[in-house]
Structure formats: structure tokens, C-alpha cells
Amino acid sequence: MIRLNGALCRQLLVIALLVYCNKGFAQKLTEFRPTEVWPDDRGEHIQAHGGGITKIKDTYYWYGEERRKGLDSNKRYVSCYSSKDLMNWKFRKDVVQMTDPNNQGEGWVLERPKVFYNSKTKKYVMYFHLDNKSYKTASVGIAISDEPDGDYTFVKSFRPLGHESRDIGQFVDDDGTAYLIFEDRPYGFRIARLSEDYMDVEKEMCLISQHMEGGAIVHYKGLYYAIGSALTGWRANPNKYATAKSLEGPWSEFTDIAPPETNTYGSQSTLLLKVVGTKGTTILYLGDIWKPKTQWDSRYLWMPVEIGDGKLWLPAPKPFKLNIKTGLVTE
Ligand code: GAL
């Protein structure tokens, strides 16, 4: 029999306590570490893939595809996290735990959820890509809630303005007008304004005749910048951007946002986030690094872009700090 003396016992007890206390409490992050595992407040890798961000007062909410292990394979889940600094995220809950709406059948798809807050109706309106296994339904679904992190109730699904819609993106302009960006396979990339209550897609602004997914737009110093990826499924490809003075176009030619041989450093765009501070504005590229066979381990590539005068460039991923108050990136 092993006999432990008093001092050793105490040491073991302290170690056990430390291990126990540490479990579930991640340390506060001090920098963004693109491509690495991104722990939430519980120390678990964030599950908000193909996501979108909604800012309410000084709180950011991040919604995305919940793809942790052990989910009920008949349901689809959307997670919600909150943060004040875009770096340290608290897991609120899975705000969607949905069973197949409108009979999509086995293997049905709920992807790229985006939440728009409507200040008139005070509703949180979630759009998502709703599809069947073979991506033939090609429609959007809407679910709503009274709280950012409430249980979202499914309302309806439809093809926006009668068009096919697969990957969707969200864009809210500086004047508060909300737009849906959607991929219409036969034709290209559409930008359309939402109705006043956000419960419908009301008016097409533009069809960009370029086949692009993961669409995202930012309005920066008088120009609109639109980015997207090519159609290669989960495989990364060189994402491209174009600019226009108005959403209706005309849009410039599309050019690479990063060295094409890096395939956007292995990522696919999902959002361009504008962080406006007291001293400056930073535009963050938000991308997904998909791992189709181990989706729960899919990573995120968030990086400040170099932007201005019609140019947009995504530098190679490296750790960075962002001061949310000043809006500036610091070393
Ligand atoms: C990607 C798309 C993803 C998902 C995937 C399925 O191109 O961006 O959201 O639909 O295809 O293969």
C-alpha cells in the first residue's frame, strides 16, 4: 500500500483543486489568434460557424452554426455568444434547436444564420439558408425572438423575390437599412433590401453576375466593398472583392483579396465587420476555415483588412489586438 505523508497530501489536494477550478473557466484572452482554437468563457472552442454579428448597444452577439459533437442528428442548431470586446465570448445558449421545417427530409440543411434587430418591431429576425440534403430547395428561413438570446421561433421559408438562394450574407448600411446578400446559382450574387419589418425580402438592389458564395459587404469611406468566395463547397479558394459607389452598381471587376495560391489562407468569407471607435475605424474580415470531416473543429480567421481608395487586402493571419473603444488595432 502507498502511504502519503501530510505535505504530499496537501500538495495533491492543491493540484486537484487547481485542476477543478480551472475546468470550465477559460482565461481572459488578450489577443486574437486567428486559425487557432478559440475558447469561449467555458474554455470550449466557439461553435458559431458561417456566422453573423449583431451589435446591441455595446454588446456584440455572434450567431452561427452550432456543430459540437453529440448533437441530435435530426435537429439543426444555432448558437449565440456575447462579447464586449469581440475577443472574449460568453456562450449564451443554442437559440435554435429546430426539427426539419417544411419537410426538407433527412440530411436537411440550416446554414449561415444571420440576425437583424428591427428597432421598430423590437424583434430579432434571424435569416438562414434552408435546404434539403441535395441543396435543391435553395430557400431562406426566418425565425424570430423578442430577445437577442431568446428561443427563436420558426416563421416561414421562401425563395427571396422568387430566386434560388443558397449562401446568405447580411449587410446593414450606415443609415440602418438592412440587406440580404444571397447566391442565386443560375445568375450570380444578389443584394436585396429587407422590408420594413424585416420579415420579407422586398427590393432587389443589384444582381452581380459573378458566381460567389459567403457574400459580405462593407460601406467604407463612400465606397461599398463586396467580397465572396468561388463555389468550391467546403474547399477554400481565392476570395475576391469588387467596389461600387452605390449598391445598385456598377461594380468593378472582382480581384483577389489575398495571394491566390494561399486560397484565402484556407478560409471562406462570412462577414465584413466595421468597428468604429473614438480614434479610427477597423474593418475585420470574418472567415471560416472549414473542416468538413470534423466540423466541430472548424476554425475562424478574423483579421483586420487593409482597406481604402478602392483597395482591399487581407494580410497573412497573425495574432493582433483590437481596442474596441478607439477602434484601432495595436501591436
Ligand atoms: C459552401 C458553403 C457552405 C456550405 C458548403 C456545403 O460553399 O459556403 O455554407 O453550404 O458549401 O458544401
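A. Layout of the side chain of H219. When you line up the elements, H219 lands in strand 13 (residues 213-220). Accessibility expressed as a relative area gives 16% for H219, which makes it buried. At 2.6 Å, the side chain of H219 forms a polar contact with the side chain of D173. Those residues in contact with H219, other than ones at most four positions away along the chain, are F171, D173, D174, Y224 and K274.

B. Seen up close, unusual backbone geometry. Looking along the chain, the bond that leaves G249 and enters P250 is cis, with omega of 0°. Topologically, P250 is positioned in the loop between strand 15 (240-244) and strand 16 (255-256). Even without being a glycine, K221 presents a positive backbone phi close to 45°. Mapping K221 onto the fold places it in the loop between strand 13 and strand 14 (223-229).

C. Geometry of the sheet that holds strand 19 (residues 299-304). Pairing in this open sheet of three strands is antiparallel, and the strands run 17-18-19 from one edge to the other. Each having just a single partner strand, strand 17 (268-276) and strand 19 make up the two edges of the open sheet. Within the sheet, the average angular offset between the axes of one strand and its neighbour, ignoring direction, is 20°. Where strand 18 (residues 281-289) lies against strand 19, six bridges are found, and the strand directions are antiparallel. Following the sheet pairing, Y285 is matched in strand 19 by M303.

D. Seen up close, the packing of aromatic side chains. Under the criterion given, the structure shown has 20 aromatic pairs. Between F32 and F320, the aromatic rings sit 4.6 Å apart at their centres with planes inclined by 0°, giving stacked as the arrangement. A residue pair is termed long-range when its members are at least 10 positions apart, and F32 in the loop between helix 1 (6-22) and strand 1 (49-56) and F320 in the loop between strand 21 (311-313) and strand 22 (321-323) qualify at 288 residues. Between W38 and Y300, the ring centres sit 6.0 Å apart and the planes meet at 75°, which makes this aromatic pair edge-to-face.

E. Structural context of the sheet that holds strand 12 (residues 201-208). The strand order across the open sheet formed by four strands is 9-10-11-12, and the pairing between neighbours is antiparallel. In this open sheet, the two edge strands, each paired with only one partner strand, are strand 9 (168-172) and strand 12. Geometrically, the sheet is characterised by an average inter-axis angle of 25° between neighbouring strands, direction not taken into account.

F. View of the side chain of N237. If you trace the backbone, N237 turns up in the loop between strand 14 and strand 15. Here A230 takes part through its backbone nitrogen, which lies 2.9 Å from a polar atom of the side chain of N237.

G. Looking closely at the site of the ligand. Around the ligand, the structure places E111, R112, Y135, D167, E213, G233, W234 and Q268. Between the ligand and the protein, one listed contact pairs an oxygen atom with a side-chain N or O atom of D167 at 2.5 Å. Taking Q268, its side chain carries an N or O atom lying 2.9 Å from an oxygen atom of the ligand. Coverage of the ligand by the protein chains reaches 89% of its 310 Å² of free accessible surface. The class makeup of the residues in the shell around the ligand is two nonpolar, two polar and four charged.

H. Inspection of the pattern of salt bridges at higher detail. On inspection of all chains with the given rule, the structure shows 24 salt bridges. Measuring nitrogen to oxygen at the nearest pair gives 3.9 Å for the salt bridge that ties E111 to R67. With a gap of 44 residues between them, E111 in strand 5 (residues 109-118) and R67 in the loop between strand 2 (59-65) and strand 3 (75-83) connect regions that are remote in the sequence. The buried category is assigned to E111, whose relative accessible area is 8%.

Conventions adopted
Residues numbered from 1 in each chain as written. Predicted model: local features only at pLDDT ≥ 70, side-chain atom pairs only at ≥ 80, totals over all residues. Heavy atoms only, no water. Helix = DSSP H or I, 4+ residues; strand = E, 2+ residues; numbered from the N terminus. Buried < 20%, exposed > 50% of the residue type's maximum accessible area, 1.4 Å probe, protein only. Polar contact = N/O pair within 3.5 Å; in protein donor to acceptor, adjacent residues only side chain to side chain. Contact = heavy atoms within 4.5 Å. Pairing = 2+ DSSP bridges. Axes fitted to C-alpha atoms, helices over the stretch in contact; angles between N-to-C directions. Phe/Tyr/Trp six-rings, centres within 6.5 Å; stacked < 30°, edge-to-face > 60°. Near = heavy atom within 4 Å. Areas by Shrake-Rupley, 256 points an atom, 1.4 Å probe, with all protein chains shown as cover. Nonpolar A, V, L, I, M, F, W, Y, C, P; charged D, E, K, R; others polar. Salt bridge = Lys/Arg side-chain N within 4 Å of Asp/Glu carboxyl O.

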